[in-house]
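Given next are the chains, with one letter for each unit.
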Amino acid sequence: MTGTVRNAVAEALATFLFVFAIIGAINNAGDFTPLVIGFTLMVLIYATGHLSGAHLNPAVSLGAFIRGALDGAGLIAYIIAQLVGGALGALLSSVFWARPDGPVEINVGPAFVAEVFFTFVLVYVVLNVATSKDHPNNSFYGLAIGTSVFVGAATVGSISGGGFNPAVALGLAIQGHFDWGYMWLYVLAPLVGAALAALAFRLLNSHDLAKKA
């Protein structure tokens, strides 16, 4: 298996595992939940990065597209795969863990800002450590990206629920942790943050964009 099909399957599988682990952590890890989520993302990035780039997140894929590291067909394939993987991870989790009594309660304004801000941080880190031609052979990218999600979940998880990822948000809505009425926020805010991060990358890395791949 090669090309876009392989990449999409890798994205679906890794996002499936990621969402399943997130829901497991929510149900079992207590105060360590943000750390478990960050570590899970880290290991899945190391496991999948050589196959598809290990986006596991439509917001990251949008950032990569704007940055110029992913074409339009790849963007569509990645997003569909990630959403399917996230939904399947949530469905499997329902076999092991009961739905919560109610979804996370949020205040729309602060939650929107939190999702934009930390998705910006996440995507900005991804683009700089995993796509920059200044250090193409680094070995720290997974740790940096996983730590970004850990910091976001630990600091603003209580404000927004700590989505930063529409595929994760879909899975958490299916499982009952996120309110379907706020799905627009969990989709729009990360995409806004991702677009801003990609524009910031392009602004600050014009030398990188000018290099031959």
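The preceding data block contains the structure.
Residues numbered from 1 in each chain as written. Predicted model: local features only at pLDDT ≥ 70, side-chain atom pairs only at ≥ 80, totals over all residues. Heavy atoms only, no water.

Asker: Teacher, can you tell me more about helix α1 (residues 3-28) here?
Answerer: Given 3.6 residues to a turn, an α-helix orients residues that are three or four positions apart in the same direction. Across its 26 residues, α1 extends 37 Å between first and last C-alpha, which sits within 8% of the 38 Å expected from 1.5 Å per residue. A positive phi of about 60° marks Gly 30, the residue just after α1. (Helix = DSSP H or I, 4+ residues; strand = E, 2+ residues; numbered from the N terminus. Expected span 1.5 Å × (residues − 1).)

Asker: Is there a simple way to explain a nonpolar patch on the surface in this structure?
Answerer: On the surface, a nonpolar cluster with roughly 500 Å² of combined accessible area is contributed by Phe 32, Leu 35, Val 36, Phe 39, Phe 150 and Val 151. Contributions of two or more residues to the nonpolar patch are made by α2 (33-52) and α6 (141-160). Ranked by the residues each element gives to the nonpolar patch, the list is headed by α2, at three residues. Its relative accessible area of 47% is what places Phe 39 among the partly exposed residues. (Patch = residues over 30% accessible without salt bridge, like charges linked within 9 Å, V, L, I, M, F, W, Y side chains within 5 Å. Areas by Shrake-Rupley, 256 points an atom, 1.4 Å probe, with all protein chains shown as cover. Salt bridge = Lys/Arg side-chain N within 4 Å of Asp/Glu carboxyl O. Buried < 20%, exposed > 50% of the residue type's maximum accessible area, 1.4 Å probe, protein only.)

Asker: Just to check I follow, could you spell out the nonpolar core for this structure?
Answerer: Soluble globular proteins tend to bury their nonpolar side chains together. Phe 18, Leu 41, Leu 56 and Ile 145 are the most contacted members of the largest nonpolar core, which totals 40 residues. For this core, the secondary structure elements donating two or more residues are α1, α2, α3 (58-67), α4 (72-96), α5 (108-131), α6, α7 (166-175) and α8 (183-204). Not counting residues within four places of it along the chain, the set of residues in contact with Leu 56 comprises Glu 11, Ala 14, Thr 15, Phe 18, Leu 41, Leu 44, Gln 82 and Asn 165. (Core = buried A, V, L, I, M, F, W, Y, C linked by side-chain atoms within 4.5 Å. Contact = heavy atoms within 4.5 Å.)

Asker: Would you take a moment to explain the packing of α1 against α7 for this structure?
Answerer: Describing two packed helices takes the angle between their axes plus the distance from one axis to the other. Orientation of α1 relative to α7, taken along the N-to-C sense of each, is 50°, at an axis distance of 10 Å. In this view, α1 runs oblique relative to α7, as classed from their interaxial angle. Considering only the axes of α1 and α7, their crossing is right-handed. Counted together, Thr 15, Phe 18, Val 19, Ile 22, Ile 23 and Ile 26 of α1 and Ala 167, Val 168, Gly 171, Leu 172 and Gln 175 of α7 form the full contact between these two elements. Classifying every residue of the contact of α1 with α7 gives eight nonpolar, three polar and no charged. (Axes fitted to C-alpha atoms, helices over the stretch in contact; angles between N-to-C directions. Parallel < 35°, antiparallel > 145°, perpendicular 65-115°, else oblique. Left-handed = near helix turned anticlockwise from the far one by under 90°. Nonpolar A, V, L, I, M, F, W, Y, C, P; charged D, E, K, R; others polar.)

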